[in-house]
Amino acid sequence: MVWHEFCKHRPSLFALLVIFLLGFIAIMAPFIANDVPIILYKGGKLYVFPNIITYSDLQAENLYANFDRWKPSSGDWLIKPPLPYGPLRQDLEQSLQSPNRTHWLGTDDRGRDVLSRMIWGSRLSLSVGFVAVGIAVIIGIILGSLAGYFGRWVDTVVLRFIELMLVIPTFFLIITVMAFLPPSIWTIMIVIGLTGWPGVARLVRGEFLKQRQMEYVLASRALGLSNTRIMFRHILPNAMGPVFVSATFGLAGAILMESGLSFLGFGVPPPAPSWGELLKQSQGYVDFAWWLVLFPGLAIFITVTAFNLVGEGLRDAMDPRLR
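Before going into details, it helps to say that this report is about the structure given with it. (Residues numbered from 1 in each chain as written. Predicted model: local features only at pLDDT ≥ 70, side-chain atom pairs only at ≥ 80, totals over all residues. Heavy atoms only, no water.)

Section: the overall build of the chain
Part 1: Helix and strand content of the chain: 14 helices and three strands.
Part 2: Counting only C-alpha atoms and orienting by the principal axes, one finds that the chain spans roughly 80 × 45 × 40 Å.
Part 3: Looking at the chain residue by residue over its 323 residues, the buried ones come to 45%.
Part 4: Within the chain, counting contacts between residues at least 6 apart in sequence, those at least 24 apart form 67% of the total.
Part 5: Taken as two groups, the 26 positive and 21 negative side-chain charges of the chain have centres that lie 9 Å from each other. (Helix = DSSP H or I, 4+ residues; strand = E, 2+ residues; numbered from the N terminus. Buried < 20%, exposed > 50% of the residue type's maximum accessible area, 1.4 Å probe, protein only. Contact = heavy atoms within 4.5 Å. Lys, Arg positive; Asp, Glu negative; His and termini not counted. Charge placed at Lys NZ, Arg CZ, Asp CG, Glu CD.)

This is the structure:
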């Protein structure tokens, strides 16, 4: 029923297709944009997927660092990805090239292909979104369930904790924490996740307060079921609707926050490809290298808008008052 109602919201359905496309691009990045071939036949030996499998003999010949300059001998052949440029491959002779037939979205100040870095950057952005929101949802569900089900002093303690987290500006808290921790993608995921759970906890708490007085919960207690079974087997599935909507909006917020951190220099350390890092590079060339600003900014805008539209469609589809 929810899916049927969701399909009636055309912008949200289109946004969902965009998200699936972004996910496909992120997963298939080594096969779409890479300077390492997909299949290599060399010296009478066939190498399958050397772009994701490291072969010791190829590594000993240092071919992984020189595939762009390697010339096949007689009988050797290879199949390259559609975009034969790695996200870290530098070519100073091609630096700051505007979009052309060779580099569709141009190059940056070190001659790296912008399209390749954006494709690989989608992996970082989506990974940060899903992992950070996953951490926030798990913490929010546990604390919200405890507060809503047991009430009394448990509810009071959890509420005070939630209010304390809501008072602190999240973005500045993350910047402060990141300043004292070594920069890495995992640090960003964990920090965003540990600061994004209060909204989920409040939603779960509210649903538990509403559900715990219903007949099926009273019947479960009368049958002697444990509190854990009642909470997570019976009440939680009926309280997950608002959590799904909140998580969808949280994904957009996490991606935007990672881009902002990378833009300010607190995100993924270079030379790792990131949409925020590409925007940061554009600061010194914004007057003439417009492609360094337009394309990463457009990618962030489209991704965040798509997740927000999916969240709106999901919220409307799960609200029976709008049917």
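What follows continues from the structure just given.
Things to note about the sheet that holds strand E1 (residues 39–42)
Part 1: On the basis of which strands lie adjacent, the open sheet formed by three strands has the order E2-E1-E3 and antiparallel pairing. Where the open sheet ends on each side, the last strands, each with one partner, are strand E2 (45–48) and strand E3 (77–79). The mean angle between the axes of side-by-side strands here comes to 10°, regardless of whether they run parallel or antiparallel. (Pairing = 2+ DSSP bridges. Axes fitted to C-alpha atoms, helices over the stretch in contact; angles between N-to-C directions.)

What about helix H8 (residues 185–195)?
Part 1: Counting buried positions over the 11 residues of H8 gives eight, a clear majority of the element.
Part 2: Turning to H8, its buried residues are Ile 185, Thr 187, Ile 188, Met 189, Val 191, Ile 192, Gly 193 and Thr 195.
Part 3: Tucked inside the fold, the buried residues of H8 contact helix H5 (114–150), helix H6 (152–167), helix H7 (170–180), helix H9 (198–211) and helix H12 (241–264).

Remarks on the pairing of E2
Part 1: Judged from the four bridges that link them, E1 and E2 form a sheet pairing that is antiparallel. Of the residues in E2, the one forming a bridge with Leu 40 is Tyr 47.
Part 2: Counting the residues between successive antiparallel strands, the hairpin from E1 to E2 contains two residues, one of them, Gly 43, with a positive phi of roughly 60°.

Quick look at the packing of H6 against H9
Part 1: Where H6 contacts H9, the two axes come as close as 10 Å, and the packing angle between them is 145°. The hand of the H6/H9 crossing is left-handed. Taken together, the residues of H9 that come into contact with H6 (itself represented by Asp 155, Leu 159, Ile 162, Met 165 and Leu 166) are Pro 198, Ala 201, Arg 202 and Arg 205.
Part 2: Looking at the contact of H6 with H9 residue by residue, the class counts come to six nonpolar, no polar and three charged. (Left-handed = near helix turned anticlockwise from the far one by under 90°. Nonpolar A, V, L, I, M, F, W, Y, C, P; charged D, E, K, R; others polar.)

Section: the packing of aromatic side chains
Part 1: What the rule picks out here adds up to 12 aromatic pairs.
Part 2: Plain terms: the ring middles of Tyr 41 and Trp 77 are 5.9 Å apart, the flat faces sit at 15° to each other, and that makes the pair stacked. Taken as a pair, Tyr 41 in strand E1 and Trp 77 in strand E3 lie far apart in primary sequence, 36 residues in all.
Part 3: When its relative accessible area of 28% is taken as the criterion, Tyr 41 is described as partly exposed. (Phe/Tyr/Trp six-rings, centres within 6.5 Å; stacked < 30°, edge-to-face > 60°.)

Concerning unusual backbone geometry
Part 1: Within the chain, Phe 49 stands out as a residue other than glycine whose phi angle is a positive 55°.
Part 2: As for its placement among the helices and strands, Phe 49 is situated in the loop between E2 and helix H4 (56–60).
Part 3: Phe 49 sits in the partly exposed class, given a relative accessible area of 33%.

With respect to the environment of Ser 259
Part 1: The topology assignment puts Ser 259 in helix H12.
Part 2: Residue Ser 259 is classed as buried on the basis of its relative accessible area, which comes to 4%.
Part 3: The contacts of Ser 259, once residues within four sequence positions are left out, are Gly 276 and Ile 300.

Regarding H9
Residue pairs spaced three or four apart in an α-helix point in one direction, given the helix's 3.6 residues per turn.
Part 1: Spanning 14 residues, H9 covers 20 Å between terminal C-alpha atoms, matching the ideal 20 Å at 1.5 Å per step.
Part 2: Within the span of H9, buried status applies to Pro 198, Val 200, Ala 201, Val 204, Arg 205, Glu 207, Phe 208 and Gln 211.
Part 3: Buried residues in H9 make contact with H5, H6, H8, helix H10 (215–222), helix H11 (227–239) and H12. (Expected span 1.5 Å × (residues − 1).)

Observations concerning a nonpolar patch on the surface
Part 1: Taken together, the side chains of Leu 46, Val 48, Phe 49, Ile 52, Ile 53, Trp 77 and Ile 79 make up a nonpolar region of the molecular surface, amounting to roughly 580 Å² of accessible area.
Part 2: Elements with a minimum of two residues in the nonpolar patch: E2 and E3. (Patch = residues over 30% accessible without salt bridge, like charges linked within 9 Å, V, L, I, M, F, W, Y side chains within 5 Å. Areas by Shrake-Rupley, 256 points an atom, 1.4 Å probe, with all protein chains shown as cover. Salt bridge = Lys/Arg side-chain N within 4 Å of Asp/Glu carboxyl O.)

Structural notes on the pattern of salt bridges
Once the charged atoms of two side chains with opposite charge are near each other, the side chains can pair.
Part 1: Scanning the entire structure with this criterion turns up 10 salt bridges.
Part 2: Note that Arg 160 is salt-bridged to Glu 163, the shortest N-O span being 2.9 Å. With Arg 160 and Glu 163 both in helix H6, this residue pair falls three residues apart, about one helical turn.
Part 3: If you follow the salt bridges from partner to partner, you end up with Asp 108, Arg 112 and Arg 117 in one network.

Brief notes about the nonpolar core
Part 1: By size, the foremost hydrophobic cluster in this structure holds 66 residues, and its most contacted members are Met 118, Val 137, Ile 174, Ile 188, Ile 192, Phe 208 and Phe 307.
Part 2: With 13 residues, the top contributor of residues to this core is H5. (Core = buried A, V, L, I, M, F, W, Y, C linked by side-chain atoms within 4.5 Å.)

Some thoughts on the packing of helix H2 (residues 10–27) against helix H14 (residues 291–317)
Part 1: At a closest axis distance of 8 Å, the pairing of H2 and H14 adopts a crossing angle of 130°. By the angle class used here, H2 and H14 are oblique. Helix-helix and strand crossings are classified by hand; for H2 and H14 the assignment is left-handed. Contacts between H2 and H14 involve Pro 11, Ser 12, Ala 15, Leu 16, Val 18, Ile 19 and Leu 22 from the former and Ile 302, Thr 303, Ala 306, Phe 307, Leu 309, Val 310, Glu 312 and Gly 313 from the latter.
Part 2: Residue composition of the contact of H2 with H14, by class: 11 nonpolar, three polar and one charged. (Parallel < 35°, antiparallel > 145°, perpendicular 65-115°, else oblique.)

By themselves these figures say nothing about function.
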